[in-house]
Every structure is written in structure tokens, then in C-alpha cells.
Amino acid sequence: MFQTVPEANATLIQSGNDKYSCPNCGMHLVKFYKTSHTHANHQYCSIHCLYEATQGIIPEDAKVVDTITLELIDVKKAFYVVGSKVRGTMTRTSSYAFGSEKDAQTFATDNGGQIMNFEQTYAVAAEDFPKDFAKPTSSKLAPSAKIEVPQDAKCPVCGMFVAKYPQWVAMIAGEKAFYFDGVKDMMKFYFAQKIASDKLFVSDYYKLLKLEATKAFYVKGSNVYGPMGSELIPFATQEEALSFARDHDGQKVLTFEEITEMMVKNL
């Protein structure tokens, strides 16, 4: 991923067991280093998590990673490129910071986006925050068996705390269960580890009930984003998947067998 750097190039301000984890969502800070921010002795994977942690009050002592030098710089001196085509972290509207306006202009020329200061970028994060993980609404909601996630479970692909996002939970069952913050990460793990498909389970987007992954229908390319951005959104029936795709600009409805390793890598 664009956000990832070699660990030797990352400045991590936390220590002990918390060194590598965003205190807000649990994501691995080296994997999402280029979007990380620091504040009050904590390091967050993104401005999304910084916004949530500061509860909408602009922090005075925050720093952000310079996308070019990889050094931590004062957010007040940073030039942010907001809304480029380069995928962001935890939000549909990406933002990357630069220590020089020239570097920001070069990045924006190559990838699109607007150059903003920190306060403007923080305001965009505030506007996007309620949209990023909007909870599903449907008249068909009903109590059903859900995937029960331990509170301390982390996604083995990205490191995120899975229990924070119950509407996106997926899992691989077995002697040791693995929990994921979305179908996309589960499928990455599935393809890499060559696990039997009958051990895979997903959460129906509307009812949140536990589904056998091989029997679900998935909407690809919609305007609804999961914690890790673009997602394969699961439904119990093809009818519900098609209806969701029509309402949310979905590109395609897929069966489990139609999901490929390359497709998952490119989401």
C-alpha cells in the first residue's frame, strides 16, 4: 500500500505493547505510516482517528508525517493534499501532508486533490466522519445470530480492532478463529493461507446475521465504504444485493466463486 513504509523509516512515538497500534482503531502504524498523526503522546493511523480521539476540538500540538521525508512535522506548517486519487486511511476522502508547498503541488498535479491547511483538512474529516461508516438501514432488520467478536480481537491483515465495526465483521473459523474488519481483508488472508472456504463467514449488511461466505452475494464498487475503504459488501440474497447496488452505484454483484485474488488486491 502507498501508506506503508519499511519499519526502519518510521518514527513511532509510543512504546511497549502499544508501539505499533493506533490507540483509536488498533491499525498497524507502520502499514499506515504516511497518514499517521501524533497528539498528546499518542500516534494515530489517520486524521480520521485523530478527529475521533480529539472529539472535534482542533489539537494544538499535533504532528503529521511528511509524505516525502517521512519525518513528523507540525500540522500547522503542513500542506495537505485532500481528495486525491491515492487511497486514504479510514476515510473515503484521502489526505496526505507535505512539508513544502512545492511537494504538495507536485503530488496534486500527479494525483489530483486540493491543497489545504490543517484546519481545513480537519474540517473535511469532521464532515466525512459520520459518512465513513454509516450504519445500514433497512426495514428488514431482525434479531439474528451474529458473529460474536472478542473485544480484543484484531484483524490479522491490518491490525484494526474488529469489534468496533460490527456491521463489517467477517471471520475464519477453526481451532483458532480469525476475525476481520471486512470481507476484503478476510479474502486476502484466505487466498494467502489457502484455507478451506467452508470455514469462512461474513455478516449480512442489512441484518448483520452470520452467513456462510460461499452462499452470500457481494456488491463490488459501491459508494458505501468499510473501515478499510472499498469493500465487497455481503447479502443473504441476490435480490437484496441487486437492490443495494442500484441504490448505491454498485459496479457488480458477485458470487463467492467470482471473487478473485487480483480483484481483492485492487480494491
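For the structure, see preceding data.
So, how was this worked out
- Residues numbered from 1 in each chain as written.
- Predicted model: local features only at pLDDT ≥ 70, side-chain atom pairs only at ≥ 80, totals over all residues.
- Heavy atoms only, no water.
- Pairing = 2+ DSSP bridges.
- Helix = DSSP H or I, 4+ residues; strand = E, 2+ residues; numbered from the N terminus.
- Axes fitted to C-alpha atoms, helices over the stretch in contact; angles between N-to-C directions.
- Contact = heavy atoms within 4.5 Å.
- Core = buried A, V, L, I, M, F, W, Y, C linked by side-chain atoms within 4.5 Å.
- Buried < 20%, exposed > 50% of the residue type's maximum accessible area, 1.4 Å probe, protein only.
- Salt bridge = Lys/Arg side-chain N within 4 Å of Asp/Glu carboxyl O.

J.: Just checking my understanding: could you explain the sheet that holds strand β14 (residues 252-255) for this structure?
T.: Pairing between the strands of a sheet comes from backbone hydrogen bonds, and it takes one of two forms, parallel or antiparallel. Pairing is antiparallel across the open sheet formed by 3 strands, whose spatial order is β13-β12-β14. Edge strands, defined here as strands with exactly one partner in the open sheet, are β13 (232-235) and β14. Strand-to-strand, the axes of this sheet are offset by a mean angle of 35 degrees, without reference to chain direction. Strands in contact with helix α5 (residues 238-247) are β12 (217-220), β13 and β14; relative to β12, the strand with the most contacts, it is inclined by about 10 degrees.

J.: I tried to follow the nonpolar core on my own but got confused; where do I start?
T.: Soluble globular proteins: nonpolar side chains tend toward being buried together. With 82 residues, the main nonpolar core has Met186 and Met187 as its most contacted residues. Per-element accounting of this core gives the leading share, 6 residues, to helix α4 (residues 183-193). Not counting the four nearest positions on each side in its chain, Met186 is found in contact with Ala170, Met171, Ile172, Phe180, Leu200, Phe201, Val202 and Ala213. Membership of the second largest hydrophobic core comes to 7 residues, among which are Val86, Ala104, Phe107 and Ala108.

J.: Would you take a moment to explain α4 for this structure?
T.: Helical periodicity: at 3.6 residues per turn, an α-helix aligns residues three or four positions apart in one direction. By the criterion of burial, α4 is predominantly enclosed, with 8 of the 11 residues buried. Within α4 the residues assigned to the buried category are Val183, Lys184, Asp185, Met186, Met187, Phe189, Tyr190 and Phe191. Against β8 (170-172), β9 (178-180), β10 (200-203), β12, β13 and α6 (261-266) lie the buried residues of α4. Lys194 sits one or two positions beyond α4 and adopts a positive phi of about 55 degrees.

J.: Sorry if this is basic, but what is going on with the pattern of salt bridges here?
T.: When the charged atoms of two side chains with opposite charge come close together, those side chains can pair. Counted by the stated rule, this structure contains 5 salt bridges. The partner of Glu52 in a salt bridge is Lys164, and the shortest N-O contact between them spans 3.9 Å. Placement of Glu52 in helix α1 (residues 47-54) and of Lys164 in the loop between α3 (118-132) and β8 is noted, with a sequence separation of 112 residues between them. What makes Glu52 partly exposed here is its relative accessible area of 29%. Look at Lys164 and you get partly exposed, because its relative accessible area is 34%. Its salt-bridge partner being Glu60, residue Lys76 comes within 3.0 Å of it at the nearest N-O pair. Taken together, the residues span a long stretch of sequence, with Lys76 in the loop between β4 (72-74) and β5 (79-82) and Glu60 in the loop between α1 and β3 (63-65) at a distance of 16 residues.

Taken by themselves, the reported measurements are silent on function.
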